[in-house]
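For reference, the chains in residue letters:
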Amino acid sequence: MPANTLVANPPRYPATLRCIEKWFETDDCVSLLLAGADDHQFDFKPGQFVTLGVNIGDSTEYRAYSISSLPGQSWLQLTVKRVEGGKVSNYIVDQLAVGEQVECLAPAGEFNNIDCPPISVEGKRKALLISAGCGITPVFAMAQAWLAEENSGSETDITFLHIARNIEQTIYFNKLKALAANHANFNLQLLLKEAQESDYPQGRLSAEWLETLVADFKQRSVYLCGPNQFMLDTASYLEQLGYEMNHFHQESFTPTATESNQAHNANNEVDGNNDVNIELPSLGQSLQASRGTLLADALEQGGVPIIIACRSGICGSCKCKVKVGQVESSSHSPLTEEEIAQGYVLACSSTLNDDVTIEL
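Model, not experiment: these values are computed from the prediction.

## A word on the overall build of the chain
Secondary structure summary: the chain contains eight helices and 19 strands in total. If one aligns the C-alpha atoms of the chain with their principal axes, the spans along those axes are about 60 × 50 × 40 Å. Relative to its 360 residues, the chain shows a buried fraction of 51%. Taking all contacts inside the chain whose residues are at least 6 apart in sequence as the whole, residues at least 24 apart take part in 68%. If you sum the accessible surface of the chain, you get close to 16600 Å²; carbon and sulfur atoms cover 44% of it. Side-chain charges of the chain comprise 23 positive and 45 negative groups, with the mean position of each set lying 4 Å from the other.

Structure, rendered in C-alpha cells:
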C-alpha cells in the first residue's frame, strides 16, 4: 500500500493497545507489536512516532517512540533500546509482557517521507538515510515505505548508512541485508566501530568516511536520526563538505546542549526574587517554582496531570496555553502559527521567568 493512502477502520485516539508479540533485536533492544481490540488498521506517515502511556507502579509514564512498521497494517511495530536511567524504555525492554496494555496517542512528527520527499535527479528520487543506534527506527520505516511503492511504478534510489558498534549490535541487521539482496535500488553501507572478521569497514563517521561511503551524497536528500551528538557531528560534516542543507532532515528526542544552556543561563541572569507563581484556574491550583525552571518540571513536581512524553519539543503532548505572563520557549515545532499566536507553548521547552497563568 502506498504510504500516503488512507486506511480503513483507523483507531480513535487515545487508543488502548495490547502487546501481541515481543522479541529481541539485540541483547539490549526489543521490537514489539501493538494491536487494538477491533482489528484497527493504523494510518501514519513513515518516520512518525507515537506517544505511549505505560503503567509503571502507581503512575502512567509517557514516552515517544518511532514507528518501524508500514501504514495499513493491523498493528504498530516499535523498537525500544535500553538506556541508562530510562524508566519507561528499560521497563519495556525488561518487563513489558505479551498481553499487557498500553495507552497510545495519535501518530505525530514532521520527520517523515511524505512531508519531506526526496529530491529528484534526472527524473529519479534519491535519498540518503543516516542513522546510529536506535535512531535506525524511523529511517528504516521510510526505506520500507519507498521500496513498497515500487509496485505502483514509483522508485526511490536509497543509500542506507548505519553506524553501530558491531554486527551483533546492529538493529535489523538481517532485514537490512535482505533488503540489499532483493532490491537493486537499496544500497546498504555499514560502518562499525568493531568490524571483527566481517567485510564491513571499521571506523567512526567523519567527513572523509561520508565522502568514501556515499560519493554522490550531494545529489540526495539526507534523513538523519540517532544520538544527539552524533547528529550534531553529522550535520557539521555535511556543511563542511558543501552539502545543500535545504535538503537535510533530522529527528531527535533529545534536547540539544544549546537549549539546555539557554535554560541554565536564563536562570542565572535573573536578579531579585528567585521564585515565580503558576496559577492553574481550571484545576483550582497554585504552584511555586524557581525562576529558570522548565514549566514541565514545575507542573510535574506539583502533581499536575499533564502528559510529557518526548521532553524535547517534538511530540506536542505537553501543549498548554499561557493566558497571563510569558515563558521563554526553545521549541514550537509541532505548534501551528495560529496556536502560537493564541499563547500555546510546549511545557517541556518553556522556561519560567515570571508569574504565569496556565490553561491545560
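Once the structure has been displayed, the description carries forward.
## Looking at the sheet that holds strand 5 (residues 76-81)
The strand order 4-3-6-1-2-5 describes an open sheet built from six strands, whose pairing is antiparallel. Of all strands in the sheet, those with a lone pairing partner are strand 4 (59-66) and strand 5, marking the two edges. Each adjacent strand pair in this sheet contributes to an overall mean axis angle of 40 degrees, direction not counted. As paired strands, strand 1 (residues 15-26) and strand 6 (residues 101-104) are joined by four bridges and run antiparallel to one another. Note on strand 6: the bridge partner recorded for Ala15 is Cys104.

## With respect to the pattern of salt bridges
Taken as a whole and judged by the stated rule, the model has 15 salt bridges. Between Lys175 and Glu25 there is a salt bridge; the shortest N-O distance is 4.0 Å. Of this pair, Lys175 sits in helix 3 (residues 173-182) while Glu25 is found in strand 1, placing the two residues 150 residues apart along the sequence. Its relative accessible area of 35% is what places Lys175 among the partly exposed residues. In this structure, the salt-bridge partner of Asp354 is Arg291, at a minimum N-O distance of 4.0 Å. In this pair, Asp354 sits in the loop between strand 18 (350-352) and strand 19 (356-359) while Arg291 sits in the loop between strand 14 (285-290) and helix 7 (295-301), placing the two residues 63 residues apart along the sequence.

## Topic: the pairing of strand 1
Direction of pairing for strand 1 relative to strand 2 (residues 29-35): antiparallel, over a ladder of seven bridges. Opposite Trp23, over in strand 2, you have Ser31 as the bridge partner. In this antiparallel pair of consecutive strands, strand 1 and strand 2, the connection spans two residues.

## A look at the pairing of strand 9 (residues 156-164)
Buried residues dominate strand 9, accounting for nine of its nine residues. The pairing of strand 8 (residues 124-132) with strand 9 spans eight bridges and is parallel. When the sheet's bridge partners are listed, Ile130 is paired in strand 9 with Leu161. As paired elements, strand 9 and strand 10 (residues 186-192) share seven bridges and run parallel to each other. In the sheet register, Ile158 faces strand 10, and the bridge partner there is Phe186. For the crossover that starts at strand 9, traverses helix 3 and ends in the parallel strand 10, the hand is right-handed.

## Quick word on the UniProt feature "domain: FAD-binding FR-type" (unreviewed entry) in the chain
The sites that UniProt annotates as "domain: FAD-binding FR-type" (unreviewed entry) are residues 10-114. The span residues 10-114 is 8% helix and 43% strand, and its two end C-alpha atoms sit 19 Å from each other.

## Observations regarding the environment of Pro138
Looking at the secondary structure, you find Pro138 in helix 2 (residues 136-148). Sequence separation between Pro138 and Tyr65 is 73 residues; the distance between their C-alpha atoms is 9.2 Å. With residues up to four places along the chain from it excluded, the contact list for Pro138 reads Gly47, Ser66, Ile67, Phe111 and Cys225.

## Overview of the environment of Lys81
Within the fold, Lys81 resides in strand 5. Look at Lys81 and you get partly exposed, because its relative accessible area is 26%. The spacing of Lys81 and Asp27 is 54 residues in sequence and 9.3 Å in space, taken between C-alpha atoms. The contacts of Lys81, once residues within four sequence positions are left out, are Asp28, Cys29, Ser89, Val93 and Cys134. A distance of 3.1 Å separates a polar atom in the side chain of Lys81 from a polar atom in the side chain of Asp28.

## Quick notes on unusual backbone geometry
The peptide bond linking Tyr13 to Pro14 adopts the cis configuration, its omega dihedral lying at 0 degrees. Within the secondary structure, Pro14 is located in the segment before strand 1. If you check the backbone angles, Tyr172 has positive phi at about 65 degrees while not being a glycine. Tracing the sequence through the fold places Tyr172 in the loop between strand 9 and helix 3.

Cut-offs used in this document
Residues numbered from 1 in each chain as written. Predicted model: local features only at pLDDT ≥ 70, side-chain atom pairs only at ≥ 80, totals over all residues. Heavy atoms only, no water. Helix = DSSP H or I, 4+ residues; strand = E, 2+ residues; numbered from the N terminus. Buried < 20%, exposed > 50% of the residue type's maximum accessible area, 1.4 Å probe, protein only. Contact = heavy atoms within 4.5 Å. Areas by Shrake-Rupley, 256 points an atom, 1.4 Å probe, with all protein chains shown as cover. Lys, Arg positive; Asp, Glu negative; His and termini not counted. Charge placed at Lys NZ, Arg CZ, Asp CG, Glu CD. Pairing = 2+ DSSP bridges. Axes fitted to C-alpha atoms, helices over the stretch in contact; angles between N-to-C directions. Salt bridge = Lys/Arg side-chain N within 4 Å of Asp/Glu carboxyl O. Right-handed = clockwise from strand over helix to strand, strands pointing away. UniProt positions renumbered as here; feature names shortened; annotations may be inferred. Polar contact = N/O pair within 3.5 Å; in protein donor to acceptor, adjacent residues only side chain to side chain.

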